[in-house]
Amino acid sequence: MVAQNSFPRTTQMGAAIYIGKKDNDFYVNGSKITSIDKAVSNGFVHKINRVIIPPVLIGNLQAILSRTGQHTLFIEALTRANRWVQLSSASIFTILAPTDNAMTTAGFTSTVIASAPIAKLDSIVRYHYFNSTRLFSNDFGNNQQTPQTALGPGRTITSLENGNKMKGKTNANAATVILKDLHGINGVVHVIDGVLNY
């Protein structure tokens, strides 16, 4: 199993950040801590490799997917499968979101989505997210199985190349994670360039 080792700590803003570890490195919301324990007059400074934007400024998972400009087809599939509305709820999810190009390449055009059996679309979209957990990029290992997806027991994904690629059970090739750690109020989105097959 992938180590789900990111745990929350409350900031002075009152919002949580998530501290994790991979190998000998430590992370905050998926951002690597590159320098630690720099003493200043009123405390310590830890340097990270990118800016952390508070989730309240990003919005919920619906807002994230709607703003990327490359998830129209995935949103259509989520909507037809009756899963879209829950992404604005208080429930927590981690989503591996295929781009429009990935969906089209896999044969999921708007026309196909509109006519596909709902049960089939439901299985496909649930294989792309995890319930009740925030998984940041540091929580995905190398050649390891993820926790079970929302599709249920045994429906895991293989994390490859230190979490930079994801491979479904029946995929010939792995999808590349092209954008990581989009942290919203109710979860995390990672953008992938392929559709994962269970």
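For the structure itself, consult the block above.
I will try to describe carefully the structure that is included in this document. Predicted, not measured: the structure shown is a model, and the values here were computed from it. (Residues numbered from 1 in each chain as written. Predicted model: local features only at pLDDT ≥ 70, side-chain atom pairs only at ≥ 80, totals over all residues. Heavy atoms only, no water.)

### What to know about the overall build of the protein chain
Stage number 1. Scanning the protein chain from N- to C-terminus turns up six helices and twelve strands.
Stage number 2. Over its C-alpha atoms the protein chain spans a radius of gyration of 17 Å, differing by no more than 12% from the 16 Å that the globule rule assigns to 198 residues.
Stage number 3. The dimensions of the protein chain, computed from C-alpha atoms along their principal axes, are 65 × 35 × 30 Å.
Stage number 4. Long-range contacts, defined as pairs at least 24 residues apart, comprise 56% of the intrachain contacts of the protein chain with a sequence gap of at least 6.
Stage number 5. Surface summary for the protein chain: the accessible area is close to 9800 Å², and the carbon and sulfur share equals 53%.
Stage number 6. Each charge sign in the protein chain was given a centre, from 18 positive and 10 negative side chains, and these centres are 3 Å apart. (Helix = DSSP H or I, 4+ residues; strand = E, 2+ residues; numbered from the N terminus. Rg over C-alpha atoms; globule rule 2.2 N^0.38 Å. Contact = heavy atoms within 4.5 Å. Areas by Shrake-Rupley, 256 points an atom, 1.4 Å probe, with all protein chains shown as cover. Lys, Arg positive; Asp, Glu negative; His and termini not counted. Charge placed at Lys NZ, Arg CZ, Asp CG, Glu CD.)

### A closer look at the sheet that holds strand β3 (residues 25-28)
Stage number 1. Reading across from one edge, β1-β2-β3-β4-β5 is the order of the five strands in this open sheet, with antiparallel pairing throughout. Only two strands of the sheet have a single neighbouring strand rather than two, namely β1 (7-10) and β5 (43-48). Neighbour to neighbour, the strand axes of the sheet diverge by 45 degrees on average, direction disregarded.
Stage number 2. Judged from the five bridges that link them, strand β4 (residues 31-40) and β5 form a sheet pairing that is antiparallel. When the bridges of β5 are listed, I33 appears paired with I48. (Pairing = 2+ DSSP bridges. Axes fitted to C-alpha atoms, helices over the stretch in contact; angles between N-to-C directions.)

### Describing the pairing of strand β2 (residues 16-22)
Every regular strand shows the same layout, with side chains that alternate between the two sheet faces.
Stage number 1. Across four bridges, β1 lies against β2 in antiparallel orientation. Bridged to T10 within β2 is A16.
Stage number 2. Two elements, β2 and β3, share four bridges in a ladder whose sense is antiparallel. Opposite I19, over in β3, you have V28 as the bridge partner.

That's the geometry; what it means functionally is another story.
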